[in-house]
Amino acid sequence: MSASFLAVPKFREGQIVSFIGGEGVIKNYRFEADSWDYLVEMPMGPEPEMGRVGCETMIWLSEVDISSLLNSFSAKVLNLQQKTLAKAC
């Protein structure tokens, strides 16, 4: 008998995240090939002259390609605090 477990997803539906292509909101997720994939919807820009085709602002991304905006913001604040403390010393 073998035991297996399913890893808990790092991000949840509705969470705002960032990635190399920009920022977006998690709309869905699925477990595939031993990792989580997330459907991320990016905000739509102005409508192009030829109109919209469909969901061109949604993309499936692997968990390793995504970071939380909260974590990113916290790291920036910590980095700024460290630079301020270094100047004060």
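Just so it is clear, the structure is predicted and the values come from calculations on it, not from any experiment. (Residues numbered from 1 in each chain as written. Predicted model: local features only at pLDDT ≥ 70, side-chain atom pairs only at ≥ 80, totals over all residues. Heavy atoms only, no water.)

Novice: Which residues make up the side chain of Ser18, and what are the values?
Specialist: On the secondary structure map, Ser18 appears in strand E1 (residues 16-19). Residue Ser18 is classed as buried on the basis of its relative accessible area of 12%. For Ser18, the residues in contact, after removing those within four places along its chain, are Glu23, Asp65, Ile66, Ser67 and Leu69. (Helix = DSSP H or I, 4+ residues; strand = E, 2+ residues; numbered from the N terminus. Buried < 20%, exposed > 50% of the residue type's maximum accessible area, 1.4 Å probe, protein only. Contact = heavy atoms within 4.5 Å.)

Novice: How would you summarise the sheet that holds strand E2 (residues 22-32) if you had to cite specific residues and measurements?
Specialist: Spatially, E4-E3-E2-E1-E5 is the arrangement adopted by the five strands of the open sheet, whose pairing is antiparallel. Every interior strand has two partners, whereas the edge strands, strand E4 (58-62) and strand E5 (67-68), have only one. Bridge count for E1 against E2 is four bridges, and the pairing is antiparallel. For Phe19, the partnering residue across the bridge sits in E2 and is Gly22. (Pairing = 2+ DSSP bridges.)

Novice: Could you give me a rundown of the nonpolar core, with the residues and numbers involved?
Specialist: Listed in full, the nine residues of the largest apolar core are Phe11, Val17, Phe19, Ile26, Trp36, Tyr38, Val40, Leu61 and Ile66. Elements with a contribution of two residues or more to this core: E1 and strand E3 (35-41). The leading source of residues in this core is E3, at three residues. Once residues within four sequence positions are removed from consideration, Tyr38 is found in contact with Pro9, Lys10, Phe11, Ile26, Asn28, Tyr29, Ile59, Trp60, Leu61, Glu63 and Ile66. (Core = buried A, V, L, I, M, F, W, Y, C linked by side-chain atoms within 4.5 Å.)

Novice: Describe the pattern of salt bridges, naming the residues involved and giving the relevant values.
Specialist: Where charged atoms of side chains with opposite charge meet at close range, the side chains can pair. All told, the structure shown has two salt bridges when counted by the stated rule. Glu41 is the partner of Lys27 in a salt bridge, and the nearest nitrogen-oxygen pair spans 3.4 Å. Of this pair, Lys27 sits in strand E2 while Glu41 is found in strand E3, placing the two residues 14 residues apart along the sequence. On the basis of relative accessible area, Lys27 is assigned to the partly exposed category, the value being 36%. Judged by its relative accessible area of 29%, Glu41 falls in the partly exposed class. For Arg30, the salt bridge identified is with Glu32, shortest N-O distance 3.2 Å. (Salt bridge = Lys/Arg side-chain N within 4 Å of Asp/Glu carboxyl O.)

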